[in-house]
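Listed below are the residues making up each chain.
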Amino acid sequence: MRVESGDHALFNGDYDLARAEYQQALNQSGEPALRVEALWGLGRTEYEAGNYDGAISYFNQITNEYPGTVRGAQAHFLLGEAYYALDRYADAAAQYGAYLSLRAGLIDAYALEVQGDAYFDAQNYIEALGVYNSANLAPRLDNGIDLQIKVAQTRTAIGDYATALALYDAIA
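Small disclaimer: the values here were computed from a predicted structure and weren't measured.

Structural notes on a nonpolar patch on the surface
Then comes step 1: Taken together, Leu106, Ile107 and Tyr110 make up a surface patch of nonpolar side chains, about 290 Å² in accessible area.
Then comes step 2: One can find tyrosine 110 in helix H7 (residues 108-121).

Here it is in structure tokens:
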């Protein structure tokens, strides 16, 4: 199967072969499940190769043509990652939010944290603070100190120095 061959090539870092295998699978199949997997593979290949614009094109195609699928939701997350890599932070934040609305509960703390990072880097500190606070409420595997530092940094960025100092003191 071409998709499996593409997955193997992508795993091995052979982006040219991965592209060829995924593209052939896409061209030869009319089956939606196989087509979405081929598009997913093409998007991941472009993302891993550092061609973020190409990845965005494939992931957008997935979200438009297969919106109710698991891959559709996952494509929103990787769209967020690609936009973030291109310093398009507001777009990244929107895509992380779309992912969270479709796949809530799976990796909420992480997805909320990177959404907050995107808002912070877009200098939308109020949104960042709200999302970071939501991330603090989500179950997580670590102790959340890094997130607490981000909340304190955001408080500093909005000029709330007293709260920021209190947060830093609580961390120490």
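Focus: the packing of H7 against helix H8 (residues 125-137)
Then comes step 1: Closest axis-to-axis distance for the H7/H8 pair is 8 Å, and the angle between their directions is 165°. In terms of orientation, H7 and H8 fall into the roughly antiparallel class. For the element pair H7 and H8, the recorded crossing hand is left-handed. Facing H7, whose interface residues are Ala109, Leu112, Glu113, Gln115, Gly116, Asp117, Tyr119 and Phe120, H8 presents Tyr125, Glu127, Ala128, Val131, Tyr132, Ser134 and Ala135.

Some words on the confidence of the model for the protein
Then comes step 1: In this model, the protein carries a mean pLDDT of 95, and residues with pLDDT of at least 70 account for 100%.
Then comes step 2: For the protein, the element scoring lowest by mean pLDDT is helix H1 (residues 2-11), at 93; helix H4 (residues 52-65) scores highest, at 98.

Focus on the packing of aromatic side chains
Then comes step 1: Under the criterion given, the structure shown has seven aromatic pairs.
Then comes step 2: Ring geometry for tyrosine 84 versus tyrosine 89: centroids 5.0 Å apart, planes at 65°, classification edge-to-face.
Then comes step 3: With a relative accessible area of 27%, tyrosine 84 lands in the partly exposed category.
Then comes step 4: On the basis of relative accessible area, tyrosine 89 is assigned to the buried category, the value being 18%.
Then comes step 5: Taking 5.0 Å as the distance between ring centres and 65° as the angle between the ring planes, the aromatic pair formed by phenylalanine 120 and tyrosine 125 counts as edge-to-face.
Then comes step 6: Judged by its relative accessible area of 23%, phenylalanine 120 is partly exposed.
Then comes step 7: Cluster of aromatic residues (ring-pair linked, three or more members): Phe77, Tyr96, Tyr99 and Tyr110.

Describing the side chain of histidine 76
Then comes step 1: Following the sequence through the fold, histidine 76 ends up in helix H5 (residues 70-85).
Then comes step 2: Under the relative-accessibility criterion, histidine 76 is labelled buried at 15%.

Focus on the pattern of salt bridges
Then comes step 1: Tallied over the full model, the rule gives eleven salt bridges.
Then comes step 2: The shortest N-O distance in the salt bridge between arginine 19 and aspartate 16 comes to 3.1 Å. Taken together, the residues arginine 19 and aspartate 16, both in helix H2 (residues 15-28) and three residues apart, mark about one turn of the helix.
Then comes step 3: Between aspartate 160 and arginine 155 there is a salt bridge whose closest N-O contact spans 3.0 Å.
Then comes step 4: Under the relative-accessibility criterion, arginine 155 is labelled partly exposed at 22%.
Then comes step 5: Taken together, the shared-partner salt bridges connect Glu113, Asp117, Arg140, Asp142 and Lys150 into one network.

About the thresholds
Residues numbered from 1 in each chain as written. Predicted model: local features only at pLDDT ≥ 70, side-chain atom pairs only at ≥ 80, totals over all residues. Heavy atoms only, no water. Patch = residues over 30% accessible without salt bridge, like charges linked within 9 Å, V, L, I, M, F, W, Y side chains within 5 Å. Areas by Shrake-Rupley, 256 points an atom, 1.4 Å probe, with all protein chains shown as cover. Salt bridge = Lys/Arg side-chain N within 4 Å of Asp/Glu carboxyl O. Helix = DSSP H or I, 4+ residues; strand = E, 2+ residues; numbered from the N terminus. Axes fitted to C-alpha atoms, helices over the stretch in contact; angles between N-to-C directions. Parallel < 35°, antiparallel > 145°, perpendicular 65-115°, else oblique. Left-handed = near helix turned anticlockwise from the far one by under 90°. Contact = heavy atoms within 4.5 Å. pLDDT = per-residue confidence, 0-100. Phe/Tyr/Trp six-rings, centres within 6.5 Å; stacked < 30°, edge-to-face > 60°. Buried < 20%, exposed > 50% of the residue type's maximum accessible area, 1.4 Å probe, protein only.

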